[in-house]
Amino acid sequence: MKCPECDGEIPLPKDAIEGEIVTCPDCGTSFELYKKEDGRFDIRSIQVVGEDWGE
Amino acid sequence: MVYDYVRWEEKVIADAAKKKGVDLKLVDSKDVSLLLDNDYEKEFGDVVLQRCLSYFRSLHLTATLEAKGVSVVNNFNVAVVAGNKLFTTLALLKAGIPTPQTVLSFAPESALKSLEKLGYPAVLKPTIGSWGRLVALLKDRDSAEAIFEDREHMFPLYQIYYIQEFVKRPPRDIRSIVIDDRVVAAIYRISPSGNWKTNMALGAKAENCPITKELEDICARASKAVGGGILGVDCMESPDGLLVHEVNNTTEFKNTVPATGVDIPGLIIDYLVKLRK
């Protein structure tokens, strides 16, 4: 998958789960994995840090 | 397991379930559509592990599932108390557990008066929040006034002035993972150079911490005080002994597993199986 920020290659984890956070190894931007209609994974932007995110 | 984003923790919990032959269904809370008249007990199984990253999402979903007869870990009352630093402090004080001295005010003027009682430096924390976000060191009256002025322009949650003494401690604190009122693993979280905070999200280093009788005892009491379940209890080593300063409701353990070698995800699954109806 291509990073929309830097065009780097983001590897798809072998055991990928929908909703998983993946990070571009080149620029460090994080994305959320989601399944397209054809069942294949793609990435989309996520909220970087929500005000109520955490433990 | 309900979630909104899958972190390392959620992945290893799912892996642990698979290894143990436990049927763990993953439910993305962002896809949930609940008609509140309906019954959801069968759909959500015997027990739900709440792992949403968003506190408000998790709290509202837990409330709804529990009202529909679904068991949730952690339960709603625990999520309310452990998800709010003030409510946690009140629960700890009620149970007689040592915790940093805390003052509460609702306006900058009264917060400054509270600080005269508490003394400087002190620590201003949002009652809801994580990862050290917006936690501010109030070094003196000038810095307190400047920070309070900023808070007055923020969401009303940040105008609850929950302020704690700055405890004299080594540049570290202790994070204990507590399951069913028992400490299963503990780490020192060592502040990164030049930072007084000990949050892993801010670059703190994790090292195994021996589980002493004192640590075991205070963490078990803190767990019981907020209602039990799966918790991350944070302690500071004060000159007078351990103090509990936080209890985390949806604890992360990404750094605790490699530092301690403890199979925390496996222990979480074992606990959920034990709770199964």
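Note that the structure is predicted; figures quoted are calculated from it, not measured. (Residues numbered from 1 in each chain as written. Chains lettered and ligands numbered in written order. Predicted model: local features only at pLDDT ≥ 70, side-chain atom pairs only at ≥ 80, totals over all residues. Heavy atoms only, no water.)

**Notes on the pattern of salt bridges**
The full count for this structure, using the stated rule, is 22 salt bridges over all chains. Between Asp-15 of chain A and Lys-11 of chain B there is a salt bridge, with the nearest N and O atoms lying 2.8 Å from each other. Taken together, the positions of Asp-15 of chain A in the segment before β1 (21–23) and Lys-11 of chain B in helix α1 (residues 8–19) put the pair across two chains. A residue is classified by how much of its surface remains accessible, and Lys-11 of chain B, at 12% relative accessible area, is buried. Two residues, Glu-10 of chain B and Arg-51 of chain B, come together in a salt bridge whose shortest N-O distance is 2.8 Å. Of the two residues, Glu-10 of chain B sits in helix α1 while Arg-51 of chain B sits in the loop between β3 (47–49) and α2 (55–67), which places them 41 residues apart along the sequence. Residues Glu-10 of chain B and Arg-51 of chain B agree in their burial class; the two are buried. (Salt bridge = Lys/Arg side-chain N within 4 Å of Asp/Glu carboxyl O. Helix = DSSP H or I, 4+ residues; strand = E, 2+ residues; numbered from the N terminus. Buried < 20%, exposed > 50% of the residue type's maximum accessible area, 1.4 Å probe, protein only.)

**Observations concerning the nonpolar core**
All names here are of chain B. Judged by nonpolar contacts, the single largest core of 21 residues is most densely connected at Ile-174, Leu-215, Cys-219, Val-233, Cys-235, Val-244 and Val-247. For this core, the secondary structure elements donating two or more residues are α3 (76–82), β9 (172–179), β10 (182–190), α7 (213–226), β12 (230–238) and β13 (241–248). Those residues within four positions of Val-247 in sequence are excluded, and the remaining contacts are Ala-82, Thr-88, Ala-222, Val-226, Leu-231, Gly-232 and Val-233. Judged by nonpolar contacts, the second largest core, of 20 residues, contains Ile-230, Ile-264, Ile-269 and Leu-272. (Core = buried A, V, L, I, M, F, W, Y, C linked by side-chain atoms within 4.5 Å. Contact = heavy atoms within 4.5 Å.)

**Brief notes about the layout of surface pockets**
One number sums up the size of the largest pocket: a volume of about 760 Å³. Arg-7, Glu-9, Trp-131, Glu-252 and Lys-254 of chain B are the residues nearest the centre of the largest pocket, which is lined by 29 residues in total. Secondary structure elements with two or more residues in the lining of the largest pocket: β1 of chain A together with α1 and β10 of chain B. Examining the composition of the lining of the largest pocket, we find that 3 residues originate from one element, α1 of chain B, more than from any other. The residue makeup of the lining of the largest pocket, split by class, is 13 nonpolar, 7 polar and 9 charged. When we break the lining of the largest pocket down by domain, the ones giving at least three residues each are domain 1 (2–81) and domain 3 (168–262) of chain B. For the second largest pocket, the lining is made up of 23 residues, of which Asp-23, Lys-25, Phe-44, Gly-45 and Val-47 of chain B are closest to its centre. The residue inventory of the lining of the second largest pocket, partitioned by class, reads 14 nonpolar, 2 polar and 7 charged. (1 Å grid on protein atoms, 1.4 Å probe; cavity = no way out; pocket = protein on both sides within 12 Å on 5 of 7 lines; lining within 4 Å. Points joined across faces, edges and corners; volume = space filled by probe spheres on them. Nonpolar A, V, L, I, M, F, W, Y, C, P; charged D, E, K, R; others polar. Domains from an automatic or database assignment.)

**A closer look at the sheet that holds β12 of chain B**
All names here are of chain B. Pairing in this open sheet of 5 strands is antiparallel, and the strands run β11-β10-β9-β12-β13 from one edge to the other. Taken across any chain shown, the strands that pair with only one partner, and hence form the sheet edges, are β11 (205–208) and β13. With strand direction ignored, the average angle separating the axes of adjacent strands in the sheet is 30°. Both β9 and β12 contribute to a ladder of 6 bridges, which runs antiparallel. Across the sheet, Ser-176 pairs through a bridge with Val-233, a residue of β12. (Pairing = 2+ DSSP bridges. Axes fitted to C-alpha atoms, helices over the stretch in contact; angles between N-to-C directions.)

**Brief notes about α1 of chain B**
Residue and element names in this part refer to chain B. Between its terminal C-alpha atoms α1 stretches 16 Å, which fits the 16 Å expected from 12 residues at 1.5 Å a residue. If you check which residues of α1 are buried, you get Glu-9, Glu-10, Lys-11, Val-12, Ile-13, Ala-14, Ala-16 and Ala-17. Contacts made by the buried residues of α1 are with β1 (2–3), β3 and α9 (264–275). (Expected span 1.5 Å × (residues − 1).)

**Observations regarding the packing of helix α5 (residues 108–118) of chain B against helix α6 (residues 141–151) of chain B**
Residues and elements named next belong to chain B. Running from amino to carboxyl end, α5 crosses α6 at an angle of 150°, the nearest separation of the two axes being 10 Å. Considering the angle they form, α5 stands roughly antiparallel to α6. For the element pair α5 and α6, the recorded crossing hand is right-handed. Taken together, the residues of α6 that come into contact with α5 (itself represented by Pro-108, Ala-111, Leu-112, Leu-115 and Glu-116) are Arg-141, Ala-144, Glu-145 and Phe-148. The residue inventory of the contact of α5 with α6, partitioned by class, reads 6 nonpolar, no polar and 3 charged. (Parallel < 35°, antiparallel > 145°, perpendicular 65-115°, else oblique. Left-handed = near helix turned anticlockwise from the far one by under 90°.)

**Structural notes on empty space enclosed by the protein**
Within the structure shown, the criterion is met by 3 cavities of 30 Å³ or more. The volume enclosed by the largest cavity comes to roughly 350 Å³. Along the wall of the largest cavity there are 27 residues; nearest its centre are Lys-125, Val-135, Asn-199, His-245 and Glu-246 of chain B. With 3 residues, β13 of chain B is the single largest residue contributor to the lining of the largest cavity. Mapped onto the domain boundaries, the lining of the largest cavity takes at least three residues apiece from domain 2 (102–165) and domain 3 (168–262) of chain B. What lines the second largest cavity is a set of 23 residues, among which Glu-55 of chain A together with Ala-82, Gly-83, Gly-129 and Ser-130 of chain B lie closest to the centre.

**Quick word on the environment of Thr-64 of chain B**
Here Thr-64 of chain B shows up in helix α2. Not counting chain neighbours up to four residues away, the residues in contact with Thr-64 of chain B comprise Leu-34 and Leu-36 of chain B.

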